[in-house]
Amino acid sequence: MLRVGVDVGGTFTDVVLWDADARQATVYKLPSTPDDLADAARRDVETVATMAVRGLSEFAQVFHGTTLATNIVLERCGARVGFLTTEGFRDVLHAARHKKPHAFSLFQDLPW
């Protein structure tokens, strides 16, 4: 059984191909492509398949992960965003902040 794991990061995209039958790993790293993150992931997976002399159709499982979003939060380097809500839905803000007395109740009177 062949399993592929892809980790897309801000700097590099890493791929590991695990051949469970042969108990062998094939690893590849490629610089990420910020304009199209999927491009580096696709190229990495194709390269790892070629290195292992396997076809893409042989992959039983593909796992995907990313550190990109985590890095944006930790480094506080993401885009500035805002949130708008319409009249009658301001409790959405309180629910998001977990400040509603009964967080999942749709039928409660709020004190504010």
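See the structure above.
Residues numbered from 1 in each chain as written. Predicted model: local features only at pLDDT ≥ 70, side-chain atom pairs only at ≥ 80, totals over all residues. Heavy atoms only, no water.

S.K.: Is there a simple way to explain the overall build of the protein in this structure?
M.R.: Looking only at helices and strands, the protein has three helices and four strands in total. The secondary structure elements of the protein, listed N-terminal to C-terminal, are β-β-β-α-β-α-α. When contacts within the protein are restricted to residue pairs at least 6 apart in sequence, those whose partners lie at least 24 apart make up 36%. Element-wise, carbon and sulfur atoms account for 58% of the exposed surface of the protein, whose accessible area totals about 8500 Å². (Helix = DSSP H or I, 4+ residues; strand = E, 2+ residues; numbered from the N terminus. Contact = heavy atoms within 4.5 Å. Areas by Shrake-Rupley, 256 points an atom, 1.4 Å probe, with all protein chains shown as cover.)

S.K.: Explain the sheet that holds strand 2 (residues 12–19) to me, please; I cannot follow it from the model alone.
M.R.: Adjacent strands of a sheet form backbone hydrogen bonds with each other and so pair up, either parallel or antiparallel. Here we have four strands laid out as an open sheet, ordered 3-2-1-4, and mixed in their pairing. Only two strands of the sheet have a single neighbouring strand rather than two, namely strand 3 (24–31) and strand 4 (59–66). Along the sheet, successive strands turn relative to each other by an average axial angle of 15°, direction set aside. Note that strand 1 (residues 2–8) and strand 4 share seven bridges and pair parallel. Bridging across to strand 4, Val-6 finds its partner in His-64. Most of the contacts of helix 1 (residues 37–51) go to strand 3, to which it runs at about 145°, and overall it touches strand 1, strand 2, strand 3 and strand 4. (Pairing = 2+ DSSP bridges. Axes fitted to C-alpha atoms, helices over the stretch in contact; angles between N-to-C directions.)

S.K.: What should I look at first to understand the pattern of salt bridges in this one?
M.R.: Any two side chains of opposite charge can pair, so long as their charged atoms come close to each other. In the structure shown here, the tally under the stated rule is six salt bridges. Here Asp-39 ties to Arg-42 by a salt bridge, and the two come within 2.6 Å at their closest N and O atoms. In this pair, Asp-39 and Arg-42 are both assigned in helix 1, three residues apart and thus about one turn of the helix distant. Across the salt bridge formed by Glu-46 and Arg-42, the nearest N and O atoms sit 3.2 Å from each other. With Glu-46 and Arg-42 both in helix 1 and four residues apart, this pair spans about one turn of that helix. (Salt bridge = Lys/Arg side-chain N within 4 Å of Asp/Glu carboxyl O.)

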